[in-house]
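Residue strings, one per chain:
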Amino acid sequence: MGFWRDPITFIGAWLRDLLVNTGLSPMGAELIGIVLGAGLLATSAMLLVIFLIWVERKLIGRIQDRFGPNRVGPWGIFQPVADMLKIFTKEYITPIGADKLAYNIAPVLAVASVLMVWAVIPFSFTVVGADLSVGFLFILAVGALGEMGYILAGWGSNNKYALLGAFRTIAQLISYEVPMIISALIPIMFAGTLSVTGIVLAQDIWFIIIAPAAALVFFIASVARIGRAPFDLAEAESELVAGYNIEYSGLKFGMFFVAEFLQAFTMALIFATIFLGGWRGPGAEQFPILGFLYLLIKTSAVYFITILFRATLPRFRIDQMMALNWKILTPFSLSIVLVMALVGRLVASSPDVFRVAVFLAVNAVLLVAVDRLITLNKRKPPREVGSRNRPVAQAEVLPAQSDPGASE
Amino acid sequence: MTGLQIIFLIVTGVTLFSAIMVVSVRKMIHAVLWLVQTLLGVAILFITLQASFFAVVQILVFIGAISILILFSVMLASRVIQDSSPQVVKKWWLPALVATLLLGLLVNFLALWPGFETTLVELPEGSDNIAELGHVLISPEGYIIPFELASILLLAALIGAIYIAIDRKEPQSS
C-alpha cells in the first residue's frame with residue numbers, strides 16, 4: 001500500500017535495502033540513490049521539454065487560427081521527437097576564430113543552470129532533491145551561471161551579431177533580476193526562511209492571496225527573464241538575425257533551445273512554488289503522490305498564462321522595456337516590500353481573516369497608486385533619442401555592383 | 001583521512017591552480033573564466049565549512065555580478081584581447097625575492113598561530129546560521145555600524161555612477 005501513497009520514496013527505500021543487502025555500505029547506497037535520483041530528475045525534465053514544445057506550438061497555432069503540428073503521430077504529438085532526431089543528425093559548425101572553450105562550454109552552462117534549479121524544488125511532501133537552508137538564494141545564484149553561458153556564447157562565436165545579442169540578453173536579464181529578487185523577498189519575509197521547503201510549508205494561505213502585487217511583479221519579471229514575448233526583443237525572429245546563438249548549429253543550438261523552454265517551465269514552477277503553495281492541497285500530506293499532481297496543475301496554469309502572453313501581446317521597444325523595469329517595477333517592488341513589512345508587523349498577531357483583508361486592501365491601494373502614476377506620466381511624450389535619420393540602405397546610395405558574383 | 005579532507009585538498013588544489021592560471025594565461029577572457037573557477041572553488045570551501053549562505057552569496061555576487069561586469073569591461077575596453085608582450089618583466093628576480101621573503105615570514109608567523117590546532121566543530125543539524133547572521137548584522141552589540149557604513153558607501157557609489165552616466169539636458173541644436 002506504501003507504493004501508491006508515495007511511489008518515489010518507496011522505490012528509493014526499496015533500492016537502498018536491496019543495495020545494503022548485497023553488501024554495500026549504507027553510505028554507498030545513499031550515494032547511488034542520490035546519483036540515480038539526480039539523473040532521473042534531469043532526464044525527466046529534459047523529456048518534459050519535448051512535450052512542452054509540442055504544447056506551445058499547438059496552442060499558439062490554435063490561437064492564430066492554424067492547426068499547429070498535426071502530421072507526426074496523433075495530433076502531431078511526435079513532431080518535437082522528429083525535430084529532435086533531425087537536430088541530432090545536423091553538422092556541428094565551429095566558426096573560424098571561435099574561442100573553442102567558451103564556444104563549447106556555453107550551451108552546457110545554459111542547460112545546467114536551469115536543471116540545477118530543479119534540485120531544490122520540493123515536488124511533494126516527501127520528495128525534494130536537497131532542502132538547502134538557502135534554497136531560494138541558490139535558485140538565484142544558478143541563474144547567474146546561465147547568464148555566464150549566454151555571454152560566453154556571444155563572445156566565443158567570434159561574431160559581432162552574436163556579441164551584440166549577448167549584450168542585449170544580459171542587459172535584460174540583469175535588469176529584470178532586480179525587481180524579481182525584491183518581489184521574491186515578500187514570500188521569504190512571510191515564511192521567515194530562505195529554504196524553499198520552508199516557504200511551501202508556510203503557505204497555509206497562498207502568498208498570492210496575501211501579496212498579489214508582489215506576485216504580479218514577480219510574474220512580469222520572470223516572463224522577462226525567460227525572454228518570452230512581450231520581452232523577446234533580445235532575439236526577435238522577425239526583426240533581427242537571432243541573438244547570442246546565431247553561430248550555433250546542431251545539438252549545441254538544440255541545447256540553447258531546450259534551455260529556453262525549460263527555463264520558461266522552471267520559472268512557472270518557481271512561481272507556483274513560492275506563490276501558489278507548491279505541492280500543497282487537500283490530502284497532500286497523507287498521500288504525497290497528490291502533491292506532484294497539485295504542483296503540476298499549478299505550474300501548468302502559470303505556464304499556460306505565459307503562452308497566452310506570448311501569443312497575444314506585441315513586442316516591447318528596448319526603451320519601453322528598460323523604462324518598465326527601472327521606472328515602474330523596481331520602485332514598485334521596493335515600496336511593496338516596505339509597506340508589507342510595516343503592515344505585516346502591525347497585524348502580526350491578528351486573526352487570519354483580518355490579516356488577509358488588510359493585506360489585500362494594502363495591495364489594492366498600491367496597485368491603484370501605481371496605475372494612477374503611470375497614467376499621469378503617460379501624457380508626457382518621451383524625449384526622442386538620436387536623430388530621425390534612420391540608417392537604412394537605399395538603392396540610390398548603394399555602390400553599383402558591377403559583378404555580383406565576384407565581390408570577394 | 002576523512003572524505004571531507006580529501007574534498008578539501010582537491011578543491012584547494014583546483015582553486016590554487018586556477019588562481020595561477022588567472023595571472024598567467026594570455027587571453028583576458030580566459031583569465032576571467034579561470035577567475036570564475038577560482039571563485040567557485042572558494043564557494044565550495046565555504047560549503048565544506050557549513051557556511052552555505054556565504055557559498056551561495058559568493059556565487060550570486062562574485063560570479064553573477066562581478067565576473068559578468070569584468071567580462072563586459074574586458075570585451076569593451078581592450079581592442080586587442082590577446083596580449084603578445086612578454087609575460088615576465090625585466091629584473092623579475094627582485095619581486096620574486098621579496099615575495100619569497102614575505103611568504104617565509106608569513107609561514108613563520110602562522111606556524112606559531114594557535115588557530116591551526118582548532119578542530120572543525122560540526123554544527124548541530126538544522127541550526128539556522130542565516131537568522132544568527134541577520135541578528136548580528138543589525139544588533140547594536142553586533143556589527144550595525146560597519147553594516148550601515150557599507151550601505152552608505154554603496155549608496156555613494158550608486159549616486160556617483162548615476163551622476164557620471166546621467167544624460168544632461170543639452171540645448172537641442174535642431
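Computed from a predicted structure; not experimentally measured.

Digging into the overall build of chain B
Here is step 1 of the chain: When helices and strands are tallied, chain B shows 6 helices and 0 strands.
Here is step 2 of the chain: Its helices and strands taken in sequence order, chain B reads α-α-α-α-α-α from the N to the C terminus.
Here is step 3 of the chain: Residues counted as buried form 12% of the 174 residues belonging to chain B.

Notes on the overall build of chain A
Here is step 1 of the chain: A tally of regular secondary structure across chain A gives 14 helices and 0 strands.
Here is step 2 of the chain: Taken over C-alpha atoms, the radius of gyration comes to 24 Å for chain A, in line with the 22 Å a tight globule of 408 residues would show.
Here is step 3 of the chain: Overall, chain A is about 80 × 65 × 40 Å in size when its C-alpha atoms are taken along their principal axes.
Here is step 4 of the chain: Residues counted as buried form 40% of the 408 residues belonging to chain A.
Here is step 5 of the chain: In chain A, the proportion of contacts linking residues at least 24 apart, taken out of those at least 6 apart, comes to 75%.

Quick word on the interface of chain B and chain A
Here is step 1 of the chain: Listed by partner, the interface residues are 16 residues for chain B and 18 residues for chain A.
Here is step 2 of the chain: The element that contributes the greatest number of residues to the side of chain B that touches chain A is helix H3 (residues 52-77) of chain B, accounting for 11 residues.
Here is step 3 of the chain: Of the residues in the side of chain B that touches chain A, the class split is 12 nonpolar, 3 polar and 1 charged.

Looking at the confidence of the model for chain A
Here is step 1 of the chain: Averaged over every residue, the pLDDT of chain A is 86; the share at 70 or more is 95%.
Here is step 2 of the chain: Averaged pLDDT values over the elements of chain A bottom out at 74 in helix H1 (residues 2-5) of chain A and peak at 93 in helix H10 (residues 212-225) of chain A.

Let's talk about the domain arrangement of chain A
Residues and elements named next belong to chain A.
Here is step 1 of the chain: With domains assigned, chain A is organised as domain 1 (1-86) and domain 2 (90-378).
Here is step 2 of the chain: Its C-alpha centre places domain 1 at a distance of 23 Å from the equivalent point of domain 2.
Here is step 3 of the chain: With 21 residues of domain 1 at the contact, the number on the domain 2 side is 16 residues.
Here is step 4 of the chain: Of all the elements in the fold, those that place two or more residues in the side of domain 1 that touches domain 2 are H1, helix H2 (7-21) and helix H3 (26-63).
Here is step 5 of the chain: Here the element with the most residues in the side of domain 1 that touches domain 2 is H3; it accounts for 14 residues.
Here is step 6 of the chain: Of the residues contributing to the side of domain 1 that touches domain 2, the split by class is 15 nonpolar, 2 polar and 4 charged.

A closer look at the packing of H3 of chain A against helix H11 (residues 250-275) of chain A
Residue and element names in this part refer to chain A.
Here is step 1 of the chain: Closest axis-to-axis distance for the H3/H11 pair is 9 Å, and the angle between their directions is 90 degrees. Considering the angle they form, H3 stands roughly perpendicular to H11. Residues Ala45, Met46, Leu48, Val49, Leu52 and Ile53 of H3 pack against Val258, Phe261, Leu262 and Phe265 of H11.
Here is step 2 of the chain: For the contact of H3 with H11, the class distribution of residues is 10 nonpolar, no polar and no charged.

Observations concerning helix H2 (residues 28-48) of chain B
Spacing of three or four residues puts side chains on the same side of an α-helix, whose turn is 3.6 residues.
Here is step 1 of the chain: Taking 1.5 Å per residue as the helical rise, H2 of chain B with its 21 residues ought to reach 30 Å, and the 31 Å between its terminal C-alpha atoms agrees with that figure.
Here is step 2 of the chain: Two residues or fewer past H2 of chain B, Gln50 of chain B is found with a positive phi of approximately 65 degrees.

Structural notes on the nonpolar core
All names here are of chain A.
Here is step 1 of the chain: One finds Phe138, Phe218 and Phe271 to be the most contacted residues of the largest nonpolar core, which totals 118 residues.
Here is step 2 of the chain: The element best represented in this core is H11, accounting for 17 residues.
Here is step 3 of the chain: Aside from chain neighbours lying at most four places away, what touches Phe271 is Phe218, Phe219, Ser222, Leu276 and Val302.

As for the confidence of the model for chain B
Here is step 1 of the chain: Scored by pLDDT, chain B has a mean of 84; 90% of the residues are at 70 or more.
Here is step 2 of the chain: Scored as a whole, the predicted complex attains pTM 0.87, and scored at its interfaces, ipTM 0.79.

So, the packing of helix H1 (residues 3-24) of chain B against H2 of chain B
Residue and element names in this part refer to chain B.
Here is step 1 of the chain: The contact between H1 and H2 brings their axes to 8 Å, and the two run at 155 degrees. By the angle class used here, H1 and H2 are roughly antiparallel. For the element pair H1 and H2, the recorded crossing hand is left-handed. Touching Leu4, Ile7, Phe8, Val11, Val14, Thr15, Ser18, Ala19, Met21 and Val22 of H1 are Ala31, Trp34, Leu35, Gln37, Thr38, Gly41, Val42, Ile44, Leu45 and Thr48, all from H2.
Here is step 2 of the chain: Of the residues belonging to the contact of H1 with H2, the class tally is 14 nonpolar, 6 polar and no charged.

Re the environment of Pro187 of chain A
All names here are of chain A.
Here is step 1 of the chain: Its location among the elements puts Pro187 in helix H7 (residues 160-191).
Here is step 2 of the chain: Through-space distance from the C-alpha of Pro187 to that of Gly243 is 34 Å; in sequence the pair is 56 residues apart.
Here is step 3 of the chain: Pro187 has contacts with Ile199, Phe207, Ile274 and Phe275, leaving out every residue within four places of it along the chain.

Looking at unusual backbone geometry
Here is step 1 of the chain: Residue Trp75 of chain A is not a glycine yet carries a positive backbone phi of 55 degrees.
Here is step 2 of the chain: The phi angle at Lys91 of chain B is positive, at roughly 55 degrees, despite the residue not being glycine.
Here is step 3 of the chain: Position of Lys91 of chain B relative to the elements: it lies in the loop between H3 and helix H4 (93-112).
Here is step 4 of the chain: Taking the C-beta count within 10 Å as the criterion, Lys91 of chain B has 8 such neighbours and is therefore assigned exposed.

Quick notes on the rules
- Residues numbered from 1 in each chain as written.
- Chains lettered and ligands numbered in written order.
- Predicted model: local features only at pLDDT ≥ 70, side-chain atom pairs only at ≥ 80, totals over all residues.
- Helix = DSSP H or I, 4+ residues; strand = E, 2+ residues; numbered from the N terminus.
- Buried ≥ 20, exposed ≤ 12 C-beta atoms within 10 Å, placed from the backbone.
- Rg over C-alpha atoms; globule rule 2.2 N^0.38 Å.
- Contact = placed C-beta atoms within 7 Å.
- Nonpolar A, V, L, I, M, F, W, Y, C, P; charged D, E, K, R; others polar.
- pLDDT = per-residue confidence, 0-100.
- Domains from an automatic or database assignment.
- Axes fitted to C-alpha atoms, helices over the stretch in contact; angles between N-to-C directions.
- Parallel < 35°, antiparallel > 145°, perpendicular 65-115°, else oblique.
- Expected span 1.5 Å × (residues − 1).
- Core = buried A, V, L, I, M, F, W, Y, C linked by C-beta atoms within 7 Å.
- Left-handed = near helix turned anticlockwise from the far one by under 90°.

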